[in-house]
Number of protein chains: 2
Amino acid sequence: MKNLINHVDNVLAESLDGFAAAHADILVLGEEREFVRRKDIKPGKVALISGGGAGHEPLHAGFVGHGMLDAACPGQIFTSPTPNQMLNAAQAVDGGAGVLFIVKNYSGDMMNFEMAAEMLDQDNAMVIVNDDVAVENSTHTTGRRGVAGTLIVEKILGAAAERGDNLGQLKALGDAVNKATASMGVALTSCTVPAAGKPTFQISAGDMEVGVGIHGEPGRRRVPLASADAIAAELTGAVIKDLSLKAGQEVILLVNGFGGTPMLELYLMVNAARKVLGAAGIEPVRYLTGSYVTSLEMAGCSITVTVADAEILALWDAAVHTSALRWGM
Amino acid sequence: MKNLINHVDNVLAESLDGFAAAHADILVLGEEREFVRRKDIKPGKVALISGGGAGHEPLHAGFVGHGMLDAACPGQIFTSPTPNQMLNAAQAVDGGAGVLFIVKNYSGDMMNFEMAAEMLDQDNAMVIVNDDVAVENSTHTTGRRGVAGTLIVEKILGAAAERGDNLGQLKALGDAVNKATASMGVALTSCTVPAAGKPTFQISAGDMEVGVGIHGEPGRRRVPLASADAIAAELTGAVIKDLSLKAGQEVILLVNGFGGTPMLELYLMVNAARKVLGAAGIEPVRYLTGSYVTSLEMAGCSITVTVADAEILALWDAAVHTSALRWGM
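Predicted model, so just to flag it, every value in this text is computed and none were measured.

1. Thoughts on the overall build of chain A
Check the secondary structure of chain A and you find 8 helices and 14 strands. Seen through its C-alpha atoms, chain A measures out along the principal axes to roughly 50 × 50 × 35 Å. When the 329 residues of chain A are sorted by exposure, 64% land in the buried category. Contacts spanning at least 24 positions in sequence make up 72% of the contacts within chain A whose residues lie at least 6 apart. Of the roughly 10,900 Å² of accessible surface on chain A, a fraction of 50% belongs to carbon and sulfur atoms. Taking the 24 positively charged and 36 negatively charged side chains of chain A as two groups, their mean positions are separated by 5 Å.

This is how it looks when you write it as structure tokens:
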């Protein structure tokens, strides 16, 4: 793998500097690059903080701004941020109404965010996202992994925090949205962490990894590459089953690229997933398509579905102004 | 290369169907999928139409909507659309004030858009974008190629059309923005057109193609992969020279990914390009970073700079609502 970098040790730092310069209208880089935070702190609003290893951009820093996150703590590539980063971010963005951590379920992230939450000494400090239906336990995780559905939890909680929900309400809503959200992905290629210098996993030219995690963790099975329709049937089918979706239900459909898959193919997958949902009488009423929760340059995609009632849709539609997701302002 | 597709013959059609379904709030797919057009036609507004081969998504269909294009005509992957597509699109979106074609300078696109323009029998029917400073003539082009700067021309003309500029004014503004815009790119890998089944060009594991075109056309030279800073110095330096930029000037900086390069690296390139511009006393006052004018899954990026006066900035900042670029609404 070839990268546009200077030195493997400085990739994250230099990237954050460019990111902060490009989006100086909405965000600020914290001291020692421990976190990215919203430029304008809103007093009286619960502060939402997420974070995790780099390499999944635009997640999470790309979702810092009005109507979504107040801060994001980036770790090195595929490496958890430290509890100190989280605490310093909390101190920087706490508007007096408390802090809520939104955490993808990975062992390292969980351990560090739990430590930070304990030090915060506050009830209802964490929402855990575990939307990946592919496998029950995984390389870096006990229980289900948190993947692209994290974006949906962050968007909906961000809108709810912006309208003034308190910490207890946000914690309950976050748990509910996580429960209403399911994802599953497929990888066609691996990815290479620059500091490692070799692919995270090996996959032959004719195979795909069904149920892959966003760090290239093994999924359900390694099989020959299938058609888009067959892949969509398996991924969407698993999601429908997990959520026990019934005909007549409305959903948000997120087709997420892992980084190396062109938009042309992602929209083709939207078409394929729509057919599967349609056949089950399920209607996507909102769509989001793009590479939002990535694994560096990995080729492949995931399909995420969130059951949407009127409240969820109103919160989804609410104004958001981040570097990666923006509407209504 | 592995793709998320069903059959190589149906890639574009199925992708367009997914695209139109996902963005039914803002656009409509024309009959026989000849074009994508804005859902709401604005009477009395000059209609802006672009198009070109698929494989560069989100360009151009991703820029159809309020404040940007009225229609986009997609050809098959890296293949020009036909004059008939352009004429039918023109008929569908003409609000009575005429039609302006925005055309990237490639021989096939030029021939077909010129034919369509002749059949329109209207003055000032075309703005030609040729922002690529890398080479004077190229595999598919006489004169300089049109690349990522096309996005900037489309955004600024879209805003000007929305405020009510007439055809002559838009033609003059488009030519001026094109002249004020320069780009140059680098490829680290090739890309594979699904129907071809093999990489468009060969590049060894340690090399890069400096000055590459967006179909993988050769650039200035094939050399060993350099550091991000060295690449930024060459690309940004070429752009500064072409535009004869002077200390104190303000610019829009677009760091555009070709498809296979992670956001992490694109922002690192933003940081690198900023340093080069800063050393020359040139200040980016607006940034856009992402994979907007792509070459399927090619790894690499381009740097585009547009000289920005107050009018250009106001038009850049004006509200836009397309699937790929959205702000202010």
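2. Examining the relation of the copies chain A and chain B
Overlaying chain A on chain B yields an RMSD of 0.0 Å, the required transformation being a rotation through 180° with an accompanying axial translation of 0.0 Å. Read as a symmetry element, the transformation amounts to a two-fold axis. Looking at the interface residues of chain A, 100% of them are also at the interface in chain B, so both copies use one shared face.

3. Some remarks on unusual backbone geometry
Omega for the bond connecting Leu59 of chain A with His60 of chain A falls within 30 degrees of zero, at -10°, which places this linkage in the cis form. Within the element layout of this structure, His60 of chain A appears in the loop between strand 3 (47–54) and strand 4 (71–77). Phi at Asp121 of chain B takes a positive value of approximately 55°, unusual for a residue other than glycine. Positionally, Asp121 of chain B belongs in the loop between helix 3 (107–120) and strand 6 (126–129).

4. Focus on the sheet that holds strand 3 (residues 47–54) of chain B
Residue and element names in this part refer to chain B. Pairing is mixed across the open sheet formed by 6 strands, whose spatial order is 1-2-4-3-5-6. Across the chains shown, the open sheet's two edge strands, defined by having one partner strand only, are strand 1 (27–29) and strand 6. Averaged over all adjacent pairs, the angle separating strand axes in this sheet is 20°, with direction ignored. For strand 5 (residues 99–104) and strand 6, the ladder comprises 4 bridges, and the chain directions are parallel. When the sheet's bridge partners are listed, Lys104 is paired in strand 6 with Val129. Sheet contacts for helix 4 (residues 149–163): strand 2 (36–38), strand 3, strand 5 and strand 6; angle to strand 5, the most-contacted strand, approximately 170°.

5. Some thoughts on the domain arrangement of chain A
Interfaces are frequently sized by the accessible area removed from exposure as the parts join. Residue and element names in this part refer to chain A. According to the domain assignment, chain A contains domain 1 (11–180) and domain 2 (182–316). Every contact between the two is made by 35 residues of domain 1 and, on the other side, 38 residues of domain 2. When domain 1 packs against domain 2, close to 2,900 Å² is buried across both sides, 67% of that on carbon and sulfur atoms. For the interface between domain 1 and domain 2, the tally reads 2 salt bridges.

6. Side note on the environment of Met68 of chain B
All names here are of chain B. The residue Met68 is located in the loop between strand 3 and strand 4 (71–77) in this model. For the pair formed by Met68 and Thr79, sequence separation is 11 residues and the distance between their alpha carbons is 23 Å. Excluding its chain neighbours within four sequence positions, the residues that come into contact with Met68 are Leu48, Phe63, Leu151, Glu154, Lys155, Gly158, Val320, Thr322 and Leu325.

7. Concerning the sheet that holds strand 12 (residues 300–307) of chain A
All names here are of chain A. An order of 9-8-7-12-10-11 is seen for the 6 strands of this open sheet, with the pairing classed as mixed. Each of the sheet's edge strands pairs with one partner strand only, and the pair in question is strand 9 (221–224) and strand 11 (283–290). Strand-to-strand twist across the sheet, computed as the mean angle between neighbouring axes with direction ignored, equals 20°. Packing against the sheet, helix 7 (residues 263–279) makes contact with strand 10 (250–257), strand 11 and strand 12, and its axis sits at approximately 160° to strand 11.

8. Regarding the pattern of salt bridges
Summed over the entire model, instances satisfying the criterion amount to 28 salt bridges over all chains. In this structure, Glu162 of chain A and Arg38 of chain A form a salt bridge, with 3.1 Å as the shortest nitrogen-oxygen distance. Here the residue Glu162 of chain A occupies a position in helix 4 (residues 149–163), and Arg38 of chain A occupies one in strand 2 (residues 36–38), the gap between them amounting to 124 residues. One salt bridge connects Asp70 of chain B with Arg38 of chain B, and the closest N-O pair in it is separated by 3.6 Å. Placement of Asp70 of chain B in the loop between strand 3 and strand 4 and of Arg38 of chain B in strand 2 is noted, with a sequence separation of 32 residues between them. Taken together, the shared-partner salt bridges connect Arg38, Lys42, Lys45, Asp70 and Glu162 of chain A into one network.

9. Some points on a nonpolar patch on the surface
Residues and elements named next belong to chain A. Taken together, Met111, Met115 and Met119 make up a surface patch of nonpolar side chains, about 320 Å² in accessible area. Mapped onto the elements, Met115 comes out in helix 3 (residues 107–120). Looking at Met115, the relative accessible area reads 40%, which means it is partly exposed.

10. Here we look at the state of the cysteines
A complete count under the given rule lists 0 disulfides over all chains for this structure. The cysteine Cys191 of chain B is free of any disulfide, with Cys301 of chain B supplying the nearest cysteine sulfur at 15 Å.

11. What to know about helix 6 (residues 228–243) of chain A
Residues and elements named next belong to chain A. Look at helix 6: 22 Å from first C-alpha to last across 16 residues, which is about the 22 Å you get at 1.5 Å a residue. By the burial criterion, the buried members of helix 6 are Ala228, Ile231, Ala232, Leu235, Thr236, Ala238, Val239, Ile240 and Leu243. Against helix 5 (167–179), strand 7 (181–187), strand 8 (207–210), helix 7 and strand 12 lie the buried residues of helix 6. Count one or two residues on from helix 6 and you reach Ser244, which has phi positive near 50°.

The rules behind each value
Residues numbered from 1 in each chain as written. Chains lettered and ligands numbered in written order. Predicted model: local features only at pLDDT ≥ 70, side-chain atom pairs only at ≥ 80, totals over all residues. Heavy atoms only, no water. Helix = DSSP H or I, 4+ residues; strand = E, 2+ residues; numbered from the N terminus. Buried < 20%, exposed > 50% of the residue type's maximum accessible area, 1.4 Å probe, protein only. Contact = heavy atoms within 4.5 Å. Areas by Shrake-Rupley, 256 points an atom, 1.4 Å probe, with all protein chains shown as cover. Lys, Arg positive; Asp, Glu negative; His and termini not counted. Charge placed at Lys NZ, Arg CZ, Asp CG, Glu CD. Least-squares fit on C-alpha atoms with pLDDT ≥ 70 in both. Pairing = 2+ DSSP bridges. Axes fitted to C-alpha atoms, helices over the stretch in contact; angles between N-to-C directions. Domains from an automatic or database assignment. Buried area = accessible area lost by both parts, 1.4 Å probe. Salt bridge = Lys/Arg side-chain N within 4 Å of Asp/Glu carboxyl O. Patch = residues over 30% accessible without salt bridge, like charges linked within 9 Å, V, L, I, M, F, W, Y side chains within 5 Å. Disulfide = S-S within 2.5 Å. Expected span 1.5 Å × (residues − 1).

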